[in-house]
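In case you want the letters, here they are:
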Amino acid sequence: MSDLLGQAAATRKAAEVARAASAGPAMTDGFGRRIEYLRISVTDKCNLRCVYCMPVEGLPWLRRDEILTYEEIAEIVRVLARMGLRRVRLTGGEPLVRRDLPALVELLAATPGIEDIALSTNAVLLADLAEPLRAAGVRRVNISLDSLRPERIDAIARRPGSHGRIMRGIEAAERAGFAPIKVNCVVMRGRNDDELADFARMTLTRPWHVRFIEVMPLAENLDVSAREFVSAFEVLERLRAIGELEPVAGPEGNGPATYFQFPGAAGTVGVITPMSHNYCERCNRMRLTANGQLRPCLFGDLQFDLRGPLRRGEPLEPVVRAALHVKPERHHLVQGSAAGSGGLLALSQIGG
Ligand code: SAM
Ligand code: SF4
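In short, a report on the structure. These numbers were taken from a predicted model, which means no experiment stands behind them.

**Some thoughts on the overall build of the protein**
What the protein contains, in helices and strands, is 11 helices and 14 strands. Here the C-alpha radius of gyration of the protein, 19 Å, is about what a compact globule of 352 residues would show, namely 20 Å. For the protein, the spread of C-alpha atoms along the principal axes amounts to about 60 × 45 × 40 Å. Restricting the contact set of the protein to residue pairs at least 6 apart, pairs at least 24 apart contribute 75%. Working note: accessible area of the protein is about 14,200 Å², and carbon and sulfur atoms make up 52% of it. Charge centroids of the protein, computed over 46 positive and 42 negative side chains, lie 2 Å from each other.

Below you can see the structure in the form of structure tokens.
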């Protein structure tokens, strides 16, 4: 199966070279990687409690005064955009639980240099917000959907009644014209891995890009991540039983997923392989937490406070340069252990 991932890497590389050639100057880290993408967590709170993410009782939440205001987020993005940032993604926790998110999108859309604004959401609140977000400038959405069966969605999300709201949210996203729509499915053995074929068949007729994600170990999910882990190799093996898989460049976005397509399909299937196949050599991103910490890597304990300097009126660029300089070559997640996650309890604290 690694041959399939290898072919896919070559296809992706060609597409990336073409994209990079058409872009302007960008920030570069100590390993020569071009950093042009920032994932912004706008809140650590969430209206779901996905079994692989957040504990049922929630987490110790940030205080309101610790959280960046929209104006503060926009100022950080303005500084980064002058340095070469081109794309941002709003995430959480669940970004749609933060009030008046379209107002932030408008500020970001007006920032010179920012070419693309995307959103990661569980879609529970998307039915009412899809149109305003699109009008404000969000172009693309990634939607978490771990099952196609109503009772399972509710069981995984541990919030009864989520299924209907999520489906209405996805329909609203399609109506609003977001493109492409990427669907994220965290694969768990015995919980949803019998639905791989159902998800994959959906891409035959719908222009969705379904990405199967390997569950990553963090302090709050060690049970699920160790016992229910399904590797991307196994996912691809099982998908190949449905039909021939052709490696493709995948939709716009240039992220960690590796994409394939069934012959004649409207959409694609992808795998995201944080555990079994490291993709860090093509990392293009940094992350901003809701309380203003710039994290050069999803994992590890490096973070640089931007909120303090910002509130004191000090320049941010030296701090950003320092973060770029020490951005690690790769993450060091360890199966069955929280050792590699750098003190994060759950991905909700940083937004994935
Ligand atoms: N609430 C939004 C959502 O669910 O899309 C945005 C934040 S969520 C942390 C971002 C992505 O991380 C989701 O696709 C979610 O499924 C994924 N995720 C969360 N915890 C994970 C874990 N331990 N391993 C792999 N993916 C995880
Ligand atoms: Fe919330 Fe997203 Fe985490 Fe699920 S994965 S609990 S929706 S932050």
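Let us keep going from here.
**Concerning the site of ligand 1**
Around ligand 1, the surrounding shell holds 19 residues, and the nearest of these are Tyr52, Gly93, Ser144, Met216 and Asn221. Here Gly93 contributes a backbone N or O atom positioned 3.0 Å from a nitrogen atom of ligand 1. In this structure, an oxygen atom belonging to ligand 1 sits 2.8 Å away from a side-chain N or O atom of Ser144. If ligand 1 stood free it would expose 540 Å²; the protein chains cover 94% of that surface. Elements supplying a minimum of two residues to the shell around ligand 1: strand 5 (116-121), strand 7 (181-187) and strand 8 (208-214). Among the residues making up the shell around ligand 1, the classes are represented as 8 nonpolar, 9 polar and 2 charged.

Thresholds applied
Residues numbered from 1 in each chain as written. Chains lettered and ligands numbered in written order. Predicted model: local features only at pLDDT ≥ 70, side-chain atom pairs only at ≥ 80, totals over all residues. Heavy atoms only, no water. Helix = DSSP H or I, 4+ residues; strand = E, 2+ residues; numbered from the N terminus. Rg over C-alpha atoms; globule rule 2.2 N^0.38 Å. Contact = heavy atoms within 4.5 Å. Areas by Shrake-Rupley, 256 points an atom, 1.4 Å probe, with all protein chains shown as cover. Lys, Arg positive; Asp, Glu negative; His and termini not counted. Charge placed at Lys NZ, Arg CZ, Asp CG, Glu CD. Near = heavy atom within 4 Å. Polar contact = N/O pair within 3.5 Å; in protein donor to acceptor, adjacent residues only side chain to side chain. Nonpolar A, V, L, I, M, F, W, Y, C, P; charged D, E, K, R; others polar.

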